[in-house]
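What follows is the residue order along each chain.
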Protein chains: 2
Amino acid sequence: MTDARSFIDVSADTARPATRDVILDAAERVVSRDGSGRLTIDAVVRESGFSKGGVLYNFPSKQALIEGMVSRLILQARTDCEAALDGAQLSGENPVAALIRAILAFKHANRDVAMALLAAAAESPELLDPVREMMARIREDVISRAPDPIMARIALLAADGLHLGDILGLDMITPDEQAAVEARLVQLVSEPAPR
Amino acid sequence: MTDARSFIDVSADTARPATRDVILDAAERVVSRDGSGRLTIDAVVRESGFSKGGVLYNFPSKQALIEGMVSRLILQARTDCEAALDGAQLSGENPVAALIRAILAFKHANRDVAMALLAAAAESPELLDPVREMMARIREDVISRAPDPIMARIALLAADGLHLGDILGLDMITPDEQAAVEARLVQLVSEPAPR
DNA sequence: GCATCTATACCGTCTGGTCGGTTTTTATCT
DNA sequence: AGATAAAAACCGACCAGACGGTATAGATGC
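Here the structure is a predicted model, which means the values were calculated and not measured. (Residues numbered from 1 in each chain as written. Chains lettered and ligands numbered in written order. Predicted model: local features only at pLDDT ≥ 70, side-chain atom pairs only at ≥ 80, totals over all residues. Heavy atoms only, no water.)

So, on to the interface of chain A and chain B. Counting residues at the interface gives 42 residues for chain A, matched by 42 residues for chain B. Buried surface at the junction of chain A and chain B, summed over both partners, amounts to about 3600 Å²; 69% is from carbon and sulfur atoms. Of all residues in chain A, Leu157(A), Leu168(A) and Arg184(A) bury the most surface against chain B, accounting for 17% of the area lost on that side. Where chain A meets chain B, there are four salt bridges. Close ionic contact of Arg153(B) with Glu177(A) constitutes a salt bridge, the shortest N to O distance being 3.2 Å. (Contact = heavy atoms within 4.5 Å. Buried area = accessible area lost by both parts, 1.4 Å probe. Salt bridge = Lys/Arg side-chain N within 4 Å of Asp/Glu carboxyl O.)

Helical geometry note: an α-helix holds 3.6 residues per turn, so side chains three or four residues apart project in the same direction. Residue and element names in this part refer to chain B. Relative to the 22 Å expected for 16 residues at 1.5 Å per residue, helix H1 (residues 19-34) spans 22 Å between its end C-alpha atoms, a close match to the ideal helical length. All of the buried residues in H1 are Thr19, Arg20, Ile23, Leu24, Ala26, Ala27, Glu28, Val30 and Val31. Packing partners of the buried residues in H1 comprise helix H2 (41-48), helix H3 (52-58), helix H4 (62-91) and helix H6 (115-123). Gly35, located one to two residues past H1, shows a positive phi value of around 100°. (Helix = DSSP H or I, 4+ residues; strand = E, 2+ residues; numbered from the N terminus. Expected span 1.5 Å × (residues − 1). Buried < 20%, exposed > 50% of the residue type's maximum accessible area, 1.4 Å probe, protein only.)

Looking now at the packing of helix H9 (residues 149-168) of chain A against helix H8 (residues 149-168) of chain B. Packing of H9(A) against H8(B) leaves a shortest axis separation of 6 Å and a crossing angle of 65°. The orientation of H9(A) with respect to H8(B), classified from their angle, is roughly perpendicular. Seen along the crossing, H9(A) lies across H8(B) with a hand that is left-handed. For the pair H9(A) and H8(B), the contacting residues are Met151(A), Ile154(A), Leu157(A), Ala158(A), Asp160(A), Gly161(A), Leu162(A), Leu164(A), Gly165(A) and Leu168(A) in the first and Met151(B), Ile154(B), Leu157(B), Ala158(B), Asp160(B), Gly161(B), Leu162(B), Leu164(B), Gly165(B) and Leu168(B) in the second. Partitioning the contact of H9(A) with H8(B) into residue classes produces 14 nonpolar, four polar and two charged. (Axes fitted to C-alpha atoms, helices over the stretch in contact; angles between N-to-C directions. Parallel < 35°, antiparallel > 145°, perpendicular 65-115°, else oblique. Left-handed = near helix turned anticlockwise from the far one by under 90°. Nonpolar A, V, L, I, M, F, W, Y, C, P; charged D, E, K, R; others polar.)

Residue and element names in this part refer to chain B. Contact pair H4 / helix H7 (residues 129-145): the axes reach a minimum separation of 10 Å and the direction vectors enclose 15°. In terms of their interaxial angle, H4 and H7 are classed as roughly parallel. Handedness of the H4/H7 crossing: left-handed. Residue-level contacts link Val70, Leu73, Ile74, Ala77, Arg78, Cys81 and Leu85 of H4 to Pro130, Val131, Met134, Arg137, Ile138, Asp141 and Arg145 of H7.

The next thing to look at is the protein's contact with DNA strand C. Of all residues adjacent to DNA strand C, which total 15 residues, the nearest are Lys52(A), Lys62(A), Thr19(B), Ser51(B) and Tyr57(B). Looking at DNA strand C alone, sugar and phosphate atoms form 64% of those within 4 Å of the protein. Side-chain polar atom of Thr19(B) to a phosphate oxygen of DNA strand C: 2.7 Å apart, as the coordinates give it. Between a phosphate oxygen of DNA strand C and a side-chain N or O atom of Tyr57(B), the distance comes to 2.6 Å. Sorting the residues of the surface near DNA strand C by element identifies helix H4 (52-58) of chain A together with H3 of chain B as the ones contributing at least two each. Top contributing element to the surface near DNA strand C by residue count: H3(B), with four residues. (Near = heavy atom within 4 Å. Polar contact = N/O pair within 3.5 Å; in protein donor to acceptor, adjacent residues only side chain to side chain.)

Around DNA strand D, the structure places 14 residues, and the nearest of them are Thr19(A), Ser51(A), Tyr57(A), Lys52(B) and Lys62(B). Sugar plus phosphate, as a fraction of atoms of DNA strand D within 4 Å of the protein: 60%. Tyr57(A) is positioned such that a nitrogen or oxygen atom in its side chain is 2.6 Å from a phosphate oxygen of DNA strand D. Lys52(B) places a side-chain nitrogen or oxygen 2.7 Å from a base oxygen of DNA strand D. For the surface near DNA strand D, the secondary structure elements donating two or more residues are H4 of chain A together with H3 of chain B. The leading source of residues in the surface near DNA strand D is H4(A), at four residues. When its residues are assigned to classes, the surface near DNA strand D shows five nonpolar, seven polar and two charged.

Printed below as a string of structure tokens:
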């Protein structure tokens with residue numbers, strides 16, 4: 001029932017108060033702080049400051065709310081990737097390296113947005129279908145441009161490992177270790193396959 | 001097969017019947033099929049075939065049940081890793097490569113067991129503390145033996161990406177692609193750092 | 001006799017969702 | 001511009017069911 005139109009409209013429309021985004025922010029905070037199992041409508045009501053009626057007016061069901069979280073996640077990821085590709089084309093940088101860099105940067109900038117993954121996996125796994133699709137597209141895009149496809153796949157997997165581990169709360173790496181890993185990944189992905 | 005209860009229960013007296021494992025299996029199936037949010041005691045009762053009293057006799061609370069899942073996951077992972085190290089020592093194989101191989105093999109053999117991660121993250125994130133600890137120990141172990149520590153870290157992250165993506169239901173790779181990635185990871189992790 | 005269950009009834013709380021009503025914005029007409 | 005009507009946005013009390021957990025009485029087997 002929830003159409004994707006309203007989600008895309010929010011950014012393109014006039015300066016109407018982005019209530020939906022405020023609610024989604026609150027939902028992400030709840031998942032991030034308390035775990036996906038504690039994402040209840042009442043918790044979002046408390047966290048957002050809106051009333052229950054208001055929340056359910058914008059998202060007619062809990063499933064719709066999570067669909068909204070997933071939609072925003074996908075929109076953000078797509079935007080970031082396209083921006084990275086545009087930037088690479090302008091600066092003449094290796095596009096694969098630029099994409100890997102963007103994917104890695106996503107973790108720092110959009111940790112809470114990615115909590116949609118946990119919420120969706122908990123509520124009903126098929127809500128992750130659009131995420132699967134998006135990830136597949138990005139993966140194809142990166143691998144098809146990469147000088148060393150298997151290495152590109154490994155880099156993507158490592159980036160996913162960082163993301164998902166962070167989302168699940170398994171802190172697996174210190175910031176400076178991560179910086180070294182990221183630099184190495186960007187380098188590896190720019191080189192042709194050895195031998 | 002050792003007793004999993006001893007990890008959560010101080011009274012590890014006699015060899016426990018397999019009932020607990022049957023219940024844990026059922027819980028994992030529920031999470032795997034329906035999502036962590038649908039892991040309820042009643043669902044486990046239905047899935048396991050035991051009565052509610054029987055389930056709650058073996059796991060006095062939902063939290064205890066999830067702790068049981070986590071304990072079994074950790075026990076299994078540790079067993080696998082130690083077996084891999086022993087095997088490497090006997091065959092003279094590179095221990096780091098053997099560990100990476102074991103970690104990757106874990107995905108195929110123990111997918112359902114790893115559903116404990118989702119269940120724990122949903123119920124209460126601190127239940128993941130022992131998992132964090134175990135992963136840190138394995139990581140240290142691998143990295144300290146690796147000829148190229150950053151590469152080892154990348155390989156571990158890629159393996160985690162595979163695992164976690166699989167657990168969350170984001171199927172990210174086909175079996176033959178994964179075979180190629182695994183071979184390459186094992187190779188990369190055995191070589192010294194370039195230049 | 002103790003441990004391990006089955007079976008069922010029950011309780012207080014939480015949860016998703018509904019509903020009628022109120023406020024705020026927007027469109028329309030003069 | 002000001003009045004006004006309609007639509008959109010929001011509120012909060014309420015409900016039916018699900019949930020985690022308790023309690024009880026009895027069966028089975030070592």
